[in-house]
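Fold and geometry: a report
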Amino acid sequence: MLTCATVPAVAIIPDDPETAHRMPAEMATETLLDLVASARALEDAIIEDHGADAVARIREVAMGQAEAYLDLTIQAATHVRALKP
């Protein structure tokens, strides 16, 4: 589970306010998908009784993914807000 490891290339023109939001928005989407995968892994670890240490490691990863998702969403929204007249 690597956060944002599967983000497709996004065409961005550096310093272009019209496209600046696209990369963080794409990364937020991919991070959310990673978080869902981590939640599934957490369920599996609990159901299959992999132990508290395994559950704690997966939970730590998921919490980091959730925080990254929120940060990226904020970043994208900040860029979009800058486009408002």
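Bear in mind the structure is a predicted one, so any value in this text is a computation, not a measurement. (Residues numbered from 1 in each chain as written. Predicted model: local features only at pLDDT ≥ 70, side-chain atom pairs only at ≥ 80, totals over all residues. Heavy atoms only, no water.)

**Observations regarding the environment of alanine 66**
The following threshold applies: The helix and strand labels rest on DSSP assignments: H or I over at least four residues marks a helix, E over at least two residues marks a strand, and numbering proceeds from the N terminus. Classification of residues uses two cut-offs on accessible area relative to the type maximum, computed with a 1.4 Å probe and protein chains only: under 20% is buried, over 50% is exposed, and between them is partly exposed.
Examined against the element boundaries, alanine 66 turns out to sit in helix H2 (residues 52-83). Residue class for alanine 66 comes out partly exposed when judged on its relative accessible area of 26%. Taking the C-alpha atoms as reference points, alanine 66 and aspartate 34, separated by 32 residues in sequence, lie 9.3 Å from one another.

**Some words on H2**
To keep it simple, the criterion reads: How far a helix is expected to stretch is found by multiplying one less than its residue total by 1.5 Å. Contacts were defined at the residue level, with two residues in contact if any of their heavy atoms lie within 4.5 Å.
Look at H2: 47 Å from first C-alpha to last across 32 residues, which is about the 46 Å you get at 1.5 Å a residue. Among the residues making up H2, those that are buried are Ala54, Val55, Ile58, Ala62, Gln65, Leu72 and Ala76. At its buried positions, H2 is contacted by helix H1 (22-47).

**Re unusual backbone geometry**
Residues other than glycine seldom take positive phi values, yet aspartate 49 does so here, at roughly 55°. By the element assignment, aspartate 49 lies in the loop between H1 and H2.

**Things to note about the pattern of salt bridges**
Opposite charge on two side chains makes pairing possible when the charged atoms of those side chains draw close. What counts here: Any carboxyl oxygen of Asp or Glu that lies within 4 Å of a side-chain nitrogen of Lys or Arg is treated as forming a salt bridge with it.
Going through the model one piece at a time under the given rule, you end up with 1 salt bridge. Between aspartate 44 and arginine 40 there is a salt bridge, with its nearest N and O atoms 3.5 Å apart. Highlighted residues: aspartate 44 and arginine 40, both in helix H1, separated by 4 residues, approximately one helical turn. Its relative accessible area of 52% is what places arginine 40 among the exposed residues.

These values are about where atoms sit, not about what they do.
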